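Coordinate inspection notes
Residue-level listing of the chains:
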Amino acid sequence: DAMVIQNPRYQVTQFGKPVTLSCSQTLNHNVMYWYQQKSSQAPKLLFHYYDKDFNNEADTPDNFQSRRPNTSFCFLDIRSPGLGDAAMYLCATSPGLAVVGTQYFGPGTRLLVL
Amino acid sequence: AQKVTQAQTEISVVEKEDVTLDCVYETRDTTYYLFWYKQPPSGELVFLIRRNSFDEQNEISGRYSWNFQKSTSSFNFTITASQVVDSAVYFCALSEGVRDSNYQLIWGAGTKLIIKP
């Protein structure tokens, strides 16, 4: 089945130690998103790609970076995780203009910072 | 300004009861899209429905139904004969038309639905 895959499902890192979360998709969608979701809150968009065009949200900390080497893969790099970065990180994809706004989500990676 | 309001923070009902989750939105666009997503305890956001602003027909899918009313800027979601597996956080979201590369969703705060056996 076509899907959005996130690895790992759970990630434990130490304060200040760089961590990379990965997302892959078999849907061949143009748009990929990274969200941060903290407990009892709505997802917060960090950035998105339309193909290789990168769009950073104005309030996304510089500590967060992203790479999209090809259509299928997207990575979230947290350069120096702080305790406040502990959250669920959700990757989503969208076909773009064809079906405006409909986003399909992966299962998420829950990040714990010690 | 665009905004989505889900006034119900948490709803608790007994299994088999009907329950309605409210969603009120604000937008200045004439073309927009409304969505409902379900987030069970496992964490994955599951797409339920997408409705465009030109289609005010109500939608029914099994035990789920959606009532879109432009006159009151509401897009409410009803679960009939609720089941324990319906327990989740439900998010309503808005996407405003097609503008350059605007593919973003504006999210409501979510409603936590608890179905008791």
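Check the entry above for the structure.
Residues numbered from 1 in each chain as written. Chains lettered and ligands numbered in written order. Predicted model: local features only at pLDDT ≥ 70, side-chain atom pairs only at ≥ 80, totals over all residues. Heavy atoms only, no water.

**Examining the sheet that holds strand β8 (residues 73–78) of chain A**
Residue and element names in this part refer to chain A. With respect to topology, four strands assemble into an open sheet ordered β1-β3-β8-β7, the strand pairing being antiparallel. Either end of the sheet is taken by a strand with one partner, and the two such strands are β1 (4–7) and β7 (64–67). On average, each strand axis in the sheet is tilted by 20° relative to the strand beside it, whichever way the strands run. Both strand β3 (residues 19–25) and β8 contribute to a ladder of six bridges, which runs antiparallel. Its bridge partner being in β8, V19 is matched across the sheet by I78. (Pairing = 2+ DSSP bridges. Helix = DSSP H or I, 4+ residues; strand = E, 2+ residues; numbered from the N terminus. Axes fitted to C-alpha atoms, helices over the stretch in contact; angles between N-to-C directions.)

**Some thoughts on the state of the cysteines**
All names here are of chain A. Under the defined criterion, the tally for this structure stands at two disulfides over all chains. In this model C23 forms its disulfide with C91; the gap between the sulfur atoms is 1.9 Å. Looking along the S-S bond of the C23-C91 disulfide, the torsion reads about -75°, which is the left-handed sense. Of this pair, C23 sits in strand β3 while C91 sits in strand β9 (residues 87–94), placing them 68 residues apart in sequence. (Disulfide = S-S within 2.5 Å.)

**Topic: the pairing of strand β9 (residues 74–79) of chain B**
Residue and element names in this part refer to chain B. Along β9, five of the six residues are buried, which leaves the element largely enclosed by surrounding structure. With three bridges connecting them, strand β3 (residues 19–21) and β9 associate as antiparallel partners. Paired with V19 across the strands is I79, a residue of β9. Here strand β8 (residues 64–69) pairs with β9 via six bridges, running antiparallel. (Buried < 20%, exposed > 50% of the residue type's maximum accessible area, 1.4 Å probe, protein only.)

**Concerning the nonpolar core**
Formed by 23 residues in total, the largest nonpolar core has its most connected members in L21(B), W36(B), F77(B), Y90(B) and L113(B). Secondary structure elements with two or more residues in this core: β2 (10–14), β3, β5 (33–39), β8, β9, β10 (88–95) and β12 (111–116) of chain B. Ranked by residues supplied to this core, first place goes to β10(B) with four residues. If we ignore the near neighbours within four places in the chain, the residues touching L113(B) are I11(B), V19(B), L21(B), I79(B), D86(B), S87(B), A88(B) and Y90(B). Among the nonpolar cores identified, the runner-up in size contains 18 residues, and V4(A), V19(A), Y49(A) and L111(A) belong to it. (Core = buried A, V, L, I, M, F, W, Y, C linked by side-chain atoms within 4.5 Å. Contact = heavy atoms within 4.5 Å.)

**Comments concerning the packing of aromatic side chains**
Residue and element names in this part refer to chain B. Following the criterion strictly, the structure yields 23 aromatic pairs over all chains and no others. Both rings, one in Y25 and one in Y32, keep their centres 5.1 Å apart while their planes meet at 50°; by these two values the pair is tilted. Both residues of the pair, Y25 and Y32, count as buried. (Phe/Tyr/Trp six-rings, centres within 6.5 Å; stacked < 30°, edge-to-face > 60°.)

**Some words on a nonpolar patch on the surface**
Judged by side-chain polarity, V12(A), L112(A) and L114(A) come together as a nonpolar surface patch covering roughly 290 Å² of accessible area. Relative to the helices and strands, V12(A) is located in strand β2 (residues 10–13). (Patch = residues over 30% accessible without salt bridge, like charges linked within 9 Å, V, L, I, M, F, W, Y side chains within 5 Å. Areas by Shrake-Rupley, 256 points an atom, 1.4 Å probe, with all protein chains shown as cover. Salt bridge = Lys/Arg side-chain N within 4 Å of Asp/Glu carboxyl O.)

**Observations concerning the environment of V24(B)**
Residue and element names in this part refer to chain B. One can find V24 in strand β4 (residues 24–26). With relative accessibility at 38%, the residue V24 sits in the partly exposed group. Leave out the neighbours within four places in its chain, and V24 touches K3, V4, T5, T72, S73 and S74.

**Quick notes on the interface of chain B and chain A**
It is common to give the size of an interface as the accessible area lost on bringing the parts into contact. Facing 21 residues of chain B, the contacting portion of chain A comprises 26 residues. Both sides together, the interface formed by chain B and chain A hides about 1900 Å², and carbon and sulfur atoms give 59% of it. In this assembly, chain B and chain A are joined by zero salt bridges. Linking chain B to chain A there are two residue pairs in polar contact (both at pLDDT 80 or more). For the side of chain B that touches chain A, the secondary structure elements donating two or more residues are β5, β6 (46–52) and β10 of chain B. Considering each element in turn, the side of chain B that touches chain A owes the most residues, four residues, to β5(B). (Buried area = accessible area lost by both parts, 1.4 Å probe. Polar contact = N/O pair within 3.5 Å; in protein donor to acceptor, adjacent residues only side chain to side chain.)

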